[in-house]
Amino acid sequence: MTIVGVPAGWPATEEEARAVQDELRGRVVLDEPGPPPGTGRVTGVDVAYDDDLDLVAAAAVVLDAATLDVVAEATAVGRVSFPYVPGLLAFREIPTVRAALGRLPCQPGLVVCDGYGLAHPRRFGLASHLGVLMDLPTVGVAKNPFTFAYDDPGPARGGSAPLLAGAEEVGRALRTRDGVKPVFVSVGHRVSLGNALAHTLALTPRFRLPETTRRADALCRHALREAAQGLAGDGAQDSTTRQAPTS
(Lines give C-alpha, C1' and ligand atoms only; values in the text may rest on other atoms or scores of the structure.)
Protein backbone atom coordinates (compact mmCIF):
# COMPACT_ATOMS: atom_id res chain seq x y z
CA MET A 1 0.00 0.00 0.00
CA THR A 2 1.29 3.42 -0.96
CA ILE A 3 0.88 5.94 1.84
CA VAL A 4 0.58 9.57 0.74
CA GLY A 5 3.17 11.57 2.62
CA VAL A 6 3.03 15.12 3.88
CA PRO A 7 4.25 17.43 1.07
CA ALA A 8 7.52 19.26 1.51
CA GLY A 9 6.94 22.73 2.89
CA TRP A 10 3.43 21.87 4.15
CA PRO A 11 2.45 24.16 7.06
CA ALA A 12 3.32 22.72 10.45
CA THR A 13 1.98 25.45 12.76
CA GLU A 14 -1.25 27.42 13.08
CA GLU A 15 0.58 30.61 12.15
CA GLU A 16 1.94 29.07 8.95
CA ALA A 17 -1.45 27.62 7.99
CA ARG A 18 -3.24 30.93 8.50
CA ALA A 19 -0.63 32.67 6.37
CA VAL A 20 -1.33 30.20 3.56
CA GLN A 21 -5.07 30.80 3.91
CA ASP A 22 -4.51 34.54 3.71
CA GLU A 23 -2.43 34.14 0.55
CA LEU A 24 -4.76 31.74 -1.26
CA ARG A 25 -8.06 33.33 -0.23
CA GLY A 26 -7.46 36.21 -2.64
CA ARG A 27 -7.45 33.74 -5.54
CA VAL A 28 -11.02 32.52 -5.00
CA VAL A 29 -13.13 33.24 -8.11
CA LEU A 30 -16.70 34.30 -7.31
CA ASP A 31 -17.85 35.72 -10.66
CA GLU A 32 -18.18 32.47 -12.66
CA PRO A 33 -21.50 30.58 -12.74
CA GLY A 34 -19.91 27.14 -12.98
CA PRO A 35 -21.21 24.18 -14.99
CA PRO A 36 -24.97 23.99 -15.51
CA PRO A 37 -26.71 21.60 -13.11
CA GLY A 38 -27.50 18.19 -14.56
CA THR A 39 -24.76 18.30 -17.19
CA GLY A 40 -21.32 16.75 -17.47
CA ARG A 41 -19.74 15.12 -14.44
CA VAL A 42 -19.89 15.89 -10.75
CA THR A 43 -17.48 14.43 -8.20
CA GLY A 44 -17.88 13.93 -4.48
CA VAL A 45 -14.91 13.89 -2.13
CA ASP A 46 -14.86 12.82 1.50
CA VAL A 47 -12.38 11.57 4.11
CA ALA A 48 -12.27 9.18 7.06
CA TYR A 49 -9.70 9.04 9.88
CA ASP A 50 -8.00 6.39 11.98
CA ASP A 51 -6.45 8.44 14.78
CA ASP A 52 -4.68 5.48 16.35
CA LEU A 53 -2.79 4.75 13.13
CA ASP A 54 -2.45 8.43 12.14
CA LEU A 55 -4.17 7.68 8.82
CA VAL A 56 -6.63 9.55 6.66
CA ALA A 57 -8.39 7.92 3.71
CA ALA A 58 -9.85 10.03 0.91
CA ALA A 59 -12.30 9.02 -1.80
CA ALA A 60 -13.34 10.70 -5.03
CA VAL A 61 -16.47 9.39 -6.76
CA VAL A 62 -17.42 10.70 -10.21
CA LEU A 63 -21.10 10.66 -11.17
CA ASP A 64 -22.84 11.39 -14.43
CA ALA A 65 -24.66 14.58 -13.48
CA ALA A 66 -27.76 13.67 -15.50
CA THR A 67 -28.27 10.09 -14.30
CA LEU A 68 -26.24 10.04 -11.06
CA ASP A 69 -24.65 6.78 -12.21
CA VAL A 70 -21.08 6.17 -11.04
CA VAL A 71 -18.56 6.87 -13.81
CA ALA A 72 -15.30 6.32 -11.89
CA GLU A 73 -13.91 6.29 -8.40
CA ALA A 74 -10.53 6.45 -6.69
CA THR A 75 -9.11 6.35 -3.19
CA ALA A 76 -5.89 7.32 -1.46
CA VAL A 77 -4.58 6.76 2.06
CA GLY A 78 -2.17 9.18 3.71
CA ARG A 79 -0.72 10.37 6.95
CA VAL A 80 -2.66 13.06 8.77
CA SER A 81 -0.82 16.18 7.68
CA PHE A 82 -1.77 18.74 10.36
CA PRO A 83 -3.01 18.79 13.97
CA TYR A 84 -6.72 19.15 14.69
CA VAL A 85 -7.44 22.90 14.80
CA PRO A 86 -10.97 24.22 14.11
CA GLY A 87 -10.91 26.38 11.01
CA LEU A 88 -7.77 24.67 9.66
CA LEU A 89 -9.14 21.19 8.96
CA ALA A 90 -8.37 21.44 5.25
CA PHE A 91 -4.66 21.19 6.06
CA ARG A 92 -5.28 17.71 7.52
CA GLU A 93 -7.02 16.43 4.41
CA ILE A 94 -5.96 18.15 1.21
CA PRO A 95 -2.79 16.16 0.36
CA THR A 96 -4.72 12.87 0.43
CA VAL A 97 -7.81 14.32 -1.28
CA ARG A 98 -5.63 15.67 -4.09
CA ALA A 99 -4.01 12.26 -4.43
CA ALA A 100 -7.42 10.60 -4.80
CA LEU A 101 -8.54 13.15 -7.40
CA GLY A 102 -5.27 12.69 -9.24
CA ARG A 103 -5.91 8.94 -9.56
CA LEU A 104 -9.21 9.38 -11.37
CA PRO A 105 -9.18 8.19 -14.99
CA CYS A 106 -11.29 11.17 -16.10
CA GLN A 107 -11.79 14.85 -15.36
CA PRO A 108 -13.91 15.41 -12.24
CA GLY A 109 -16.07 18.31 -13.42
CA LEU A 110 -17.71 20.07 -10.47
CA VAL A 111 -16.34 18.88 -7.12
CA VAL A 112 -18.72 18.69 -4.14
CA CYS A 113 -17.01 18.66 -0.74
CA ASP A 114 -18.49 17.39 2.50
CA GLY A 115 -17.70 20.65 4.26
CA TYR A 116 -17.48 24.38 3.76
CA GLY A 117 -16.39 26.94 1.22
CA LEU A 118 -17.04 30.58 2.02
CA ALA A 119 -19.07 29.50 5.06
CA HIS A 120 -15.93 29.41 7.15
CA PRO A 121 -14.62 31.75 9.87
CA ARG A 122 -11.81 32.88 7.54
CA ARG A 123 -13.97 32.52 4.38
CA PHE A 124 -11.70 29.76 3.10
CA GLY A 125 -12.93 26.29 3.92
CA LEU A 126 -11.98 23.00 2.28
CA ALA A 127 -14.06 23.58 -0.87
CA SER A 128 -12.41 26.95 -1.53
CA HIS A 129 -8.92 25.70 -0.65
CA LEU A 130 -9.20 22.64 -2.89
CA GLY A 131 -10.77 24.62 -5.72
CA VAL A 132 -7.99 27.20 -5.76
CA LEU A 133 -5.19 24.63 -5.56
CA MET A 134 -6.62 22.46 -8.36
CA ASP A 135 -8.37 25.21 -10.35
CA LEU A 136 -11.66 23.31 -10.26
CA PRO A 137 -15.24 24.49 -9.70
CA THR A 138 -16.12 23.48 -6.15
CA VAL A 139 -19.07 23.59 -3.76
CA GLY A 140 -19.28 22.90 -0.04
CA VAL A 141 -22.31 21.04 1.29
CA ALA A 142 -22.11 20.64 5.07
CA LYS A 143 -24.25 18.78 7.57
CA ASN A 144 -24.30 21.60 10.15
CA PRO A 145 -24.08 25.41 10.06
CA PHE A 146 -20.72 25.70 11.87
CA THR A 147 -20.93 28.96 13.85
CA PHE A 148 -23.33 30.76 11.51
CA ALA A 149 -26.94 31.85 12.07
CA TYR A 150 -29.94 31.12 9.87
CA ASP A 151 -33.72 31.15 9.92
CA ASP A 152 -35.39 27.81 9.35
CA PRO A 153 -36.21 27.42 5.63
CA GLY A 154 -39.73 26.63 4.52
CA PRO A 155 -40.69 23.00 5.15
CA ALA A 156 -40.87 21.95 1.48
CA ARG A 157 -37.94 20.64 -0.54
CA GLY A 158 -36.11 23.54 -2.22
CA GLY A 159 -36.77 26.04 0.56
CA SER A 160 -33.71 28.04 1.57
CA ALA A 161 -32.63 30.74 3.99
CA PRO A 162 -29.45 32.83 4.18
CA LEU A 163 -26.58 31.50 6.28
CA LEU A 164 -25.30 34.61 8.02
CA ALA A 165 -22.13 35.87 9.65
CA GLY A 166 -23.62 39.02 11.14
CA ALA A 167 -25.14 40.76 8.12
CA GLU A 168 -22.94 38.90 5.60
CA GLU A 169 -24.48 36.02 3.66
CA VAL A 170 -21.89 33.22 3.44
CA GLY A 171 -24.18 30.49 2.09
CA ARG A 172 -27.66 29.04 2.36
CA ALA A 173 -29.51 26.60 4.53
CA LEU A 174 -31.25 24.39 1.94
CA ARG A 175 -34.10 21.96 2.49
CA THR A 176 -33.44 18.88 0.33
CA ARG A 177 -36.28 16.73 1.70
CA ASP A 178 -39.74 17.83 2.86
CA GLY A 179 -39.71 18.43 6.59
CA VAL A 180 -36.11 17.19 7.05
CA LYS A 181 -33.24 19.18 8.56
CA PRO A 182 -31.52 21.36 5.92
CA VAL A 183 -28.00 21.08 4.59
CA PHE A 184 -25.69 24.09 4.42
CA VAL A 185 -24.43 25.10 1.00
CA SER A 186 -21.63 27.53 0.26
CA VAL A 187 -19.61 28.50 -2.77
CA GLY A 188 -16.11 27.08 -3.00
CA HIS A 189 -14.53 28.37 -6.22
CA ARG A 190 -15.73 29.21 -9.75
CA VAL A 191 -19.43 28.55 -8.99
CA SER A 192 -22.29 30.92 -8.19
CA LEU A 193 -24.41 30.38 -5.08
CA GLY A 194 -27.53 29.92 -7.20
CA ASN A 195 -25.88 27.16 -9.20
CA ALA A 196 -24.48 25.59 -6.03
CA LEU A 197 -28.04 25.32 -4.67
CA ALA A 198 -29.35 23.91 -7.97
CA HIS A 199 -26.57 21.33 -8.10
CA THR A 200 -27.31 20.29 -4.52
CA LEU A 201 -30.99 19.76 -5.28
CA ALA A 202 -30.13 17.79 -8.42
CA LEU A 203 -27.89 15.54 -6.30
CA THR A 204 -30.53 14.85 -3.64
CA PRO A 205 -33.42 13.10 -5.40
CA ARG A 206 -34.04 10.68 -2.50
CA PHE A 207 -31.97 11.56 0.56
CA ARG A 208 -30.98 14.60 2.62
CA LEU A 209 -27.31 14.43 1.62
CA PRO A 210 -26.03 14.60 -1.98
CA GLU A 211 -25.36 11.30 -3.74
CA THR A 212 -21.79 12.50 -4.23
CA THR A 213 -21.27 12.74 -0.47
CA ARG A 214 -23.07 9.49 0.33
CA ARG A 215 -21.01 7.47 -2.12
CA ALA A 216 -17.68 9.10 -1.28
CA ASP A 217 -18.35 8.60 2.43
CA ALA A 218 -18.95 4.87 1.99
CA LEU A 219 -15.89 4.46 -0.24
CA CYS A 220 -13.42 6.30 2.00
CA ARG A 221 -14.59 4.33 5.04
CA HIS A 222 -14.05 1.10 3.13
CA ALA A 223 -10.58 2.23 2.02
CA LEU A 224 -9.67 3.12 5.60
CA ARG A 225 -10.76 -0.27 6.91
CA GLU A 226 -8.72 -2.04 4.23
CA ALA A 227 -5.68 0.11 4.99
CA ALA A 228 -5.91 -0.47 8.72
CA GLN A 229 -6.35 -4.21 8.26
CA GLY A 230 -3.47 -4.29 5.82
CA LEU A 231 -1.11 -2.50 8.17
CA ALA A 232 -2.18 -4.68 11.06
CA GLY A 233 -1.73 -7.87 9.06
CA ASP A 234 1.31 -6.85 7.05
CA GLY A 235 -0.66 -7.59 3.90
CA ALA A 236 -1.70 -4.15 2.74
CA GLN A 237 -3.11 -3.66 -0.71
CA ASP A 238 -2.67 -0.67 -2.99
CA SER A 239 -5.19 2.15 -2.85
CA THR A 240 -7.70 1.57 -5.59
CA THR A 241 -8.51 3.31 -8.83
CA ARG A 242 -11.09 1.72 -11.06
CA GLN A 243 -13.44 2.59 -13.88
CA ALA A 244 -17.03 1.86 -12.98
CA PRO A 245 -19.14 -0.18 -15.40
CA THR A 246 -21.61 1.82 -17.46
CA SER A 247 -25.27 0.97 -17.41
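Residues numbered from 1 in each chain as written. Predicted model: local features only at pLDDT ≥ 70, side-chain atom pairs only at ≥ 80, totals over all residues. Heavy atoms only, no water.

An unreviewed UniProt entry annotates the protein as Endonuclease V originating from Streptomyces cinerochromogenes. UniProt, in the comment section headed Catalytic activity (unreviewed entry), describes the protein in these words: "Endonucleolytic cleavage at apurinic or apyrimidinic sites to products with a 5'-phosphate." The UniProt entry for the protein carries this comment under Subcellular location (unreviewed entry): "Cytoplasm". (UniProt positions renumbered as here; feature names shortened; annotations may be inferred.)

A.B. asks: Please explain the overall build of the protein as it appears in this structure.
C.D. replies: Each helix and strand counted, the protein has five helices and 10 strands in total. Over its C-alpha trace the protein gives a radius of gyration of 17 Å, about what one expects of a compact globule, namely 18 Å for 247 residues. Reported as C-alpha extents along the three principal axes, the dimensions of the protein are approximately 55 × 50 × 30 Å. Within the span of the protein, comprising 247 residues, buried residues form 51% of the whole. Here the protein displays about 10,900 Å² of accessible surface, and carbon together with sulfur accounts for 51% of that area. If the 24 positive side-chain charges of the protein are averaged to one point and the 28 negative ones to another, these points end up 4 Å apart. (Helix = DSSP H or I, 4+ residues; strand = E, 2+ residues; numbered from the N terminus. Rg over C-alpha atoms; globule rule 2.2 N^0.38 Å. Buried < 20%, exposed > 50% of the residue type's maximum accessible area, 1.4 Å probe, protein only. Areas by Shrake-Rupley, 256 points an atom, 1.4 Å probe, with all protein chains shown as cover. Lys, Arg positive; Asp, Glu negative; His and termini not counted. Charge placed at Lys NZ, Arg CZ, Asp CG, Glu CD.)

A.B. asks: Quick question: what am I supposed to make of the packing of aromatic side chains here?
C.D. replies: Each aromatic ring pair is described using two quantities: the centre-to-centre distance and the angle formed by the ring planes. What the rule picks out here adds up to five aromatic pairs. Taking the centre distance of 6.3 Å and the plane angle of 85° together, the rings of Phe-146 and Phe-148 count as edge-to-face. Residue classification places Phe-146 among the partly exposed positions, given a relative accessible area of 32%. The class of Phe-148 is buried, set by a relative accessible area of 9%. Between Tyr-150 and Phe-184, the aromatic rings sit 5.0 Å apart at their centres with planes inclined by 65°, giving edge-to-face as the arrangement. Separated by 34 residues along the polypeptide, Tyr-150 in the loop between β6 (138-142) and β7 (160-165) and Phe-184 in strand β9 (residues 183-189) bring together distant segments of the chain. Each residue in the set Trp-10, Phe-82 and Phe-91 is aromatic and connected to the rest through ring pairs, giving one cluster. (Phe/Tyr/Trp six-rings, centres within 6.5 Å; stacked < 30°, edge-to-face > 60°.)

A.B. asks: I tried to follow empty space enclosed by the protein on my own but got confused; where do I start?
C.D. replies: Left-over empty space is what a probe sized like a water molecule reveals as it rolls over the atoms. Tallied over the full model, the rule gives one cavity of 30 Å³ or more. Forming the boundary of the largest cavity are Gly-38, Val-42, Ala-65, Leu-68, His-199, Ala-202 and Leu-203. (1 Å grid on protein atoms, 1.4 Å probe; cavity = no way out; pocket = protein on both sides within 12 Å on 5 of 7 lines; lining within 4 Å. Points joined across faces, edges and corners; volume = space filled by probe spheres on them.)

A.B. asks: Looking at this model, I keep getting lost on the nonpolar core. Mind explaining?
C.D. replies: Where a protein is soluble and globular, its nonpolar side chains tend to be buried together. Within the largest apolar cluster, 32 residues are counted, with the highest numbers of intra-cluster contacts made by Val-45, Val-97, Leu-101, Cys-113 and Leu-130. Of all the secondary structure elements, the ones that give two or more residues to this core are β2 (41-50), β3 (55-64), β4 (70-79), α2 (90-102), β5 (110-113) and α3 (126-134). No other element matches α2, which puts seven residues into this core. In contact with Val-97, not counting residues within four places along its chain, are Val-45, Val-47, Ala-58 and Leu-130. (Core = buried A, V, L, I, M, F, W, Y, C linked by side-chain atoms within 4.5 Å. Contact = heavy atoms within 4.5 Å.)

A.B. asks: Can you walk me through the layout of surface pockets in this structure?
C.D. replies: One number sums up the size of the largest pocket: a volume of about 680 Å³. Lining of the largest pocket is provided by 28 residues; of these, Leu-89, Glu-93, Asp-114, Gly-115 and Tyr-116 occupy positions nearest its centre. Broken down by secondary-structure element, the contributors of at least two residues to the lining of the largest pocket are β2, α2 and α5 (211-233). With five residues, the single largest contributor to the lining of the largest pocket is β2. Residues of the lining of the largest pocket, tallied by class, amount to 15 nonpolar, six polar and seven charged. (Nonpolar A, V, L, I, M, F, W, Y, C, P; charged D, E, K, R; others polar.)

A.B. asks: I keep staring at the side chain of Ser-186 and nothing clicks. Help me out?
C.D. replies: Mapping Ser-186 onto the fold places it in strand β9. For Ser-186, a relative accessible area of 0% corresponds to the buried category. From its side chain, Ser-186 meets the backbone nitrogen of Gly-117 in a polar contact 2.9 Å long. When sequence neighbours within four positions are dropped, the list of residues in contact with Ser-186 reads Tyr-116, Gly-117, Leu-118, Ala-119, Val-139, Gly-140, Val-170 and Gly-171. (Polar contact = N/O pair within 3.5 Å; in protein donor to acceptor, adjacent residues only side chain to side chain.)

A.B. asks: Explain the environment of Glu-211 here, please?
C.D. replies: Here Glu-211 is to be found in helix α5. Accessibility expressed as a relative area gives 9% for Glu-211, which makes it buried. In the structure, Glu-211 is positioned 188 residues away from Glu-23 in sequence and 33 Å away in space, judged by C-alpha atoms. Leave out the neighbours within four places in its chain, and Glu-211 touches Leu-63, Leu-68, Leu-203 and Pro-205.

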